[in-house]
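Structural features, examined
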Amino acid sequence: MNLFRSEEHLGRWLGGREPGATTTVVELSVLAHAWWDDRVSADWRPHTREQNQAILDRLGLTGDFWLLP
């Protein structure tokens, strides 16, 4: 994971290469909260692949990069 201060900064770093998946720090924070929020529950059980994919889909994280194996 690399953090960039702007799209321009990302473009300079890429040097003409195609970018991979990108997201903002805010979107990453929302994802982390959705992914891990229930882990402190006493009755926590690991999420299924389908549950995790539903989190990504609900947050609008779509495309090949965000498809879980």
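This report concerns the structure included in the present document.

About the criteria used
Residues numbered from 1 in each chain as written. Predicted model: local features only at pLDDT ≥ 70, side-chain atom pairs only at ≥ 80, totals over all residues. Heavy atoms only, no water. Phe/Tyr/Trp six-rings, centres within 6.5 Å; stacked < 30°, edge-to-face > 60°. Buried < 20%, exposed > 50% of the residue type's maximum accessible area, 1.4 Å probe, protein only. Lys NZ or Arg CZ within 6 Å of the ring centre and 35° of its normal.

Points about the packing of aromatic side chains
- On inspection of all chains with the given rule, the structure shows two aromatic pairs.
- Between the aromatic rings of phenylalanine 4 and tryptophan 13, the centroid separation amounts to 5.2 Å while the plane-to-plane angle is 55°, which identifies the pairing as tilted.
- With a relative accessible area of 44%, tryptophan 13 lands in the partly exposed category.
- For the pair phenylalanine 65 and tryptophan 66, a centre-to-centre distance of 4.9 Å together with 80° between the ring planes defines the contact as edge-to-face.
- The class of phenylalanine 65 is exposed, set by a relative accessible area of 58%.
- Taking relative accessible area as the criterion, tryptophan 66 reaches 16% and is therefore assigned buried.
- Over the face of the ring belonging to tryptophan 13 we find arginine 17, whose NZ or CZ atom lies 5.3 Å from the ring centre.

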